[in-house]
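Descriptive analysis of the structure
Each chain is listed here by its residues.
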Amino acid sequence: MKSVFYTRFFILLPWVLIVVIIIDSDTRRSPGSGPAARYYPLWNRRVGRAALTRPRPSDPSTEHNSAPHNRGKNETVLPVIFAITPTYSRPVQKAELTRLANTFRQVPRLHWILVEDSVHPTELVSRFLAGAGVKSSHLYVPTPRRYKRTGLPRATEQRNAGLDWLRLQYQQRPGIHSAQPHDLSGVVFFADDDNTYSLELFHEMRTTQKVSVWPVGLVGGRRYERPVVENGKVVSWYTGWRADRPFAIDMAGFAVSLQVILSSPKAVFKRRGSQPGMQESDFLKQITKVDELEPKANNSTKVLVWHTRTEKVNLANEPKHPQDTIKIEV
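You'll find the chain entered in an unreviewed UniProt entry as Galactosylgalactosylxylosylprotein 3-beta-glucuronosyltransferase, with Xenopus laevis given as the organism. According to UniProt, the comment filed for the chain under the heading Cofactor (unreviewed entry) is "Mn(2+)".

Written as structure tokens, this is what we have:
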């Protein structure tokens, strides 16, 4: 009996081992087995605010990259567009982000840097980015309460946090792993979540050498504002508000080369000394001159971005205490 038992045991053993190996390899390839996103708060003493440390290029745990991998071969040589988007909690937040993600998903080689006005990353935004289908990095930094008054510039801390992240990620520093030279070709664009963007705009900005500009629709109390171009150079501004500004332009009306951002480490959006509506000018003055601007969109005669802004929702009938039996994320 023992001989029969051992004979059957040694016959079945190799098959059992094969099954175990197959199950183990399938488990390792499971798409849901990756590490969860981690967030690392950093107190930036220079400007006195919280931000995020950079993830090492080899550590994807702080990035969401659920975009399709069937991109064409030519797309690998395109400069990356880094879209910095400030966002804050409000009833229309998810609707705005959904519209923006639907646009970004169609843009090749785009990295979305989404910065929350919050002391911690919210579950709504974390879950949204995980399924957005766009390569992204999730940052967060709160706006000090004293700067939340009506009439004061908004999203300053968030845009600066996005710039800090780019500089920490790509700037070469002694003793810190830095990106390779071919990774430094990119364009930085400040894409607010309440705008509407044509896909053509991203094609236009991708060739930015230093700072490129174009018209913006439905802004400044007019149907559009734009740089006035003569012989390929910006000579003035068509605007409905303070045409005397050095750069009379909206936040959605320009893009900056990543190389310029890295070579100008002190260029930030200012709180102190910056008047309302002057943040764009105060930022651009630190990195370029008007005669160096690169007009896009057919010499700034085509509108490819609009300040559409979602209508403020009417929640007059919303109960103060939840009455529904289930919790739905809107």
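The next point concerns a nonpolar patch on the surface. Together, Ile 326, Ile 328 and Val 330 give the surface a local cluster of nonpolar side chains, amounting to about 340 Å² of exposed area. Taking relative accessible area as the criterion, Val 330 reaches 69% and is therefore assigned exposed.

Let's shift gears to the UniProt feature "site: Interaction with galactose moiety of substrate glycoprotein" (unreviewed entry) in the chain. The sites that UniProt annotates as "site: Interaction with galactose moiety of substrate glycoprotein" (unreviewed entry) are Glu 225 and Asn 317. In contact with Glu 225, other than residues within four places in its own chain, are Pro 215, Val 216, Val 219, Gly 220, Tyr 238, Thr 239, Gly 240 and Trp 241. Secondary-structure assignment places Asn 317 in the segment after β15 (305–306).

In this section: helix α2 (residues 93–104). The end-to-end C-alpha distance of α2, which contains twelve residues, comes to 16 Å, matching closely the 16 Å that a straight helix rising 1.5 Å per residue would cover. Where α2 is concerned, the buried positions are Gln 93, Glu 96, Leu 97, Leu 100, Ala 101, Thr 103 and Phe 104. Buried positions in α2, seen along its axis, are confined to an arc of 155 degrees and lie on one side of it. Structurally, α2 contributes buried residues whose contacts are with β4 (80–87), β5 (110–116), α3 (123–130), β8 (196–197) and α5 (199–205).

Further remarks concern the pairing of strand β12 (residues 233–238). The sheet contact formed by strand β11 (residues 222–230) and β12 spans five bridges and is antiparallel. Within β12, the residue paired with Glu 230 across the bridge is Lys 233. Once β11 ends, the chain turns through two residues before running back antiparallel as β12, passing Asn 231 with a positive phi of about 55 degrees.

Our focus in this paragraph is the nonpolar core. Generally speaking, nonpolar side chains in soluble globular proteins are found buried as a group. Leu 166, Val 188, Phe 190, Phe 254 and Phe 283 are the most contacted members of the largest nonpolar core, which totals 36 residues. Per-element accounting of this core gives the leading share, five residues, to helix α4 (residues 156–170). Beyond its immediate stretch of four places on either side in the chain, Leu 166 contacts Phe 82, Ile 84, Ile 113, Gln 171, Val 188, Leu 258 and Leu 262. By size, the runner-up hydrophobic cluster in this structure holds 31 residues, among which are Leu 97, Val 125, Leu 129 and Phe 202.

Among all residues save glycine, negative phi is the norm, and among peptide bonds the norm is trans. Positioned with a positive phi, Ala 155 is a non-glycine residue whose angle comes to about 70 degrees. Along the chain, Ala 155 turns up in the loop between β6 (136–140) and α4. Ala 155 sits in the buried class, given a relative accessible area of 15%.

Before going further, it helps to examine the pattern of salt bridges. All told, the structure shown has 13 salt bridges when counted by the stated rule. Residues Asp 193 and Arg 90 are paired through a salt bridge, measuring 3.0 Å at the closest nitrogen-oxygen approach. Pair noted here: Asp 193 is in the loop between β7 (186–190) and β8 and Arg 90 is in the loop between β4 and α2, with a separation of 103 residues, a long-range link. Arg 90 carries the same exposure label as Asp 193, and that label is buried. Among the ionic pairs, Lys 210 bridges to Glu 292, the shortest N-O distance being 2.9 Å. Linking Lys 210 in the loop between α5 and β9 (211–213) with Glu 292 in the loop between α7 (279–284) and β14 (294–295), this pair joins segments that are 82 residues apart in sequence. In this structure Lys 210 comes out as partly exposed when scored by relative accessible area, which is 26%. Several salt bridges share partner residues, and in doing so they unite Arg 90, Glu 96, Arg 99 and Asp 193 into one network.

Cut-offs and rules
- Residues numbered from 1 in each chain as written.
- Predicted model: local features only at pLDDT ≥ 70, side-chain atom pairs only at ≥ 80, totals over all residues.
- Heavy atoms only, no water.
- UniProt positions renumbered as here; feature names shortened; annotations may be inferred.
- Patch = residues over 30% accessible without salt bridge, like charges linked within 9 Å, V, L, I, M, F, W, Y side chains within 5 Å.
- Areas by Shrake-Rupley, 256 points an atom, 1.4 Å probe, with all protein chains shown as cover.
- Salt bridge = Lys/Arg side-chain N within 4 Å of Asp/Glu carboxyl O.
- Buried < 20%, exposed > 50% of the residue type's maximum accessible area, 1.4 Å probe, protein only.
- Contact = heavy atoms within 4.5 Å.
- Helix = DSSP H or I, 4+ residues; strand = E, 2+ residues; numbered from the N terminus.
- Expected span 1.5 Å × (residues − 1).
- Arc of directions from axis to C-beta.
- Pairing = 2+ DSSP bridges.
- Core = buried A, V, L, I, M, F, W, Y, C linked by side-chain atoms within 4.5 Å.

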